[in-house]
Each structure stands twice: as structure tokens, then as C-alpha cells.
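Chain residues, written in single-letter form:
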Amino acid sequence: MVSAVHFSLKQKTERHVLYFASYDTPKICTEVRHLPLHPVQGREAAFVDELLLGPMTNRYKRLFAHGTRAEFCFREGHTLHVGLSEEALYPDAEAYDIRKGVELLRANIVRNFTKINSVEVYIAGKSVWETTERS
């Protein structure tokens, strides 16, 4: 009992499950990552940064085109606001299309952060719905 408490007090990372699409099946697949417990940029922003790096498994698709980065990420109540760079507008062969990428981004965040109920996504400073409607 004492060793379990001691172990949990020394733990400096937390386990997260990331969801990606597979090239091989229509299923959504998972990867487990251990992220810092108290990252400088905040837990949610660190998670989004990790997600945008893409999958470690080469048989899974990225959510957005290579080079997409988070320009901002902040929490307001139960809503997370995530701003993506313009690279997200130009999906490549390794990435989902914009709508599916945004859906999976939202699902990843809501599943990993239980106090977040909604995710507002912006690309190049504009709401994703405005951006995707023009495409």
C-alpha cells in the first residue's frame, strides 16, 4: 500500500489515449501517450500539440496536413478554443479532410478532458465552419 502511494506521488506524467483513423480499416484506432502532468503551456494545449504531431504508427492518418500547428489554445469555462495554422486548409495524402479532422480533434479533446464539453476550432483566425463552407 505504501509503495503504491509513493509511486503515484512521484508520477510526473499522465496517460492519454489519442484517436486516429487507419489507412487499413475504416475504424478509428488508438495510441497511448504519456504527457507531462504540469506542462508549461497547460494540459489542454500540450495535448493539442501532441495530437497535431500526428500518430507514431505509420498506418494511421494525421488529423491535418503536415506542418499544422496550434496558434492558440485556451479554455473558457467548459469550452476549449483551438486555433490552427493555415496549413490545416490544405490536406495532403497523409491527412484527413478538414471536416473529419476537426471532428476527430473534438472527439479526442472531449474524451480526454471530461470537464470540456465543447471545442471551438478556428483555422487561420476564422471559425472552422466559415472556413469549410467556403471550400
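Residues numbered from 1 in each chain as written. Predicted model: local features only at pLDDT ≥ 70, side-chain atom pairs only at ≥ 80, totals over all residues. Heavy atoms only, no water.

Let's talk about the pairing of strand β2 (residues 28–36)
Relative to β2, strand β1 (residues 13–21) is paired through nine bridges, and the arrangement is antiparallel. Directly across from Y19, in β2, lies its bridge partner T30. (Pairing = 2+ DSSP bridges. Helix = DSSP H or I, 4+ residues; strand = E, 2+ residues; numbered from the N terminus.)

Considering the pattern of salt bridges
In this structure the tally under the stated criterion is seven salt bridges. A salt bridge links D24 to R59; the shortest N-O distance between them is 2.7 Å. Taken together, the positions of D24 in the loop between β1 and β2 and R59 in the loop between α2 (43–53) and β3 (70–76) put the pair 35 residues apart, joining distant regions of the chain. On the basis of relative accessible area, D24 is assigned to the exposed category, the value being 51%. Linking R75 and E44 is a salt bridge whose minimum nitrogen-to-oxygen distance equals 3.4 Å. Of this pair, R75 sits in strand β3 while E44 sits in helix α2, and the two are 31 residues apart along the sequence. We classify E44 as buried; its relative accessible area is 14%. (Salt bridge = Lys/Arg side-chain N within 4 Å of Asp/Glu carboxyl O. Buried < 20%, exposed > 50% of the residue type's maximum accessible area, 1.4 Å probe, protein only.)

Some remarks on the environment of A95
Tracing the backbone shows A95 in the loop between β4 (79–84) and α3 (98–112). On the basis of relative accessibility, which here comes to 11%, the residue A95 falls in the buried class. A C-alpha to C-alpha distance of 10.0 Å links A95 and F20, two positions 75 residues apart in sequence. Those residues within four positions of A95 in sequence are excluded, and the remaining contacts are R62, L63, F64 and A65. (Contact = heavy atoms within 4.5 Å.)

Regarding the side chain of H81
Topologically, H81 is positioned in strand β4. A polar side-chain atom of H81 sits 3.4 Å from a polar atom in the side chain of Y122. Among all residues touching H81, those that are not within four sequence positions of it are F72, C73, F74, E76, E120 and Y122. (Polar contact = N/O pair within 3.5 Å; in protein donor to acceptor, adjacent residues only side chain to side chain.)

Description of empty space enclosed by the protein
One way to see where empty space is left: roll a probe the size of a water molecule over the atoms. Inspection of every chain in the model, using the stated rule, returns one cavity of 30 Å³ or more. There is about 30 Å³ of room inside the largest cavity. Lining the largest cavity are L51, L52, G54, R62, L63, F64, A65 and T68. Here the residues of the lining of the largest cavity are counted per class, giving five nonpolar, two polar and one charged. (1 Å grid on protein atoms, 1.4 Å probe; cavity = no way out; pocket = protein on both sides within 12 Å on 5 of 7 lines; lining within 4 Å. Points joined across faces, edges and corners; volume = space filled by probe spheres on them. Nonpolar A, V, L, I, M, F, W, Y, C, P; charged D, E, K, R; others polar.)

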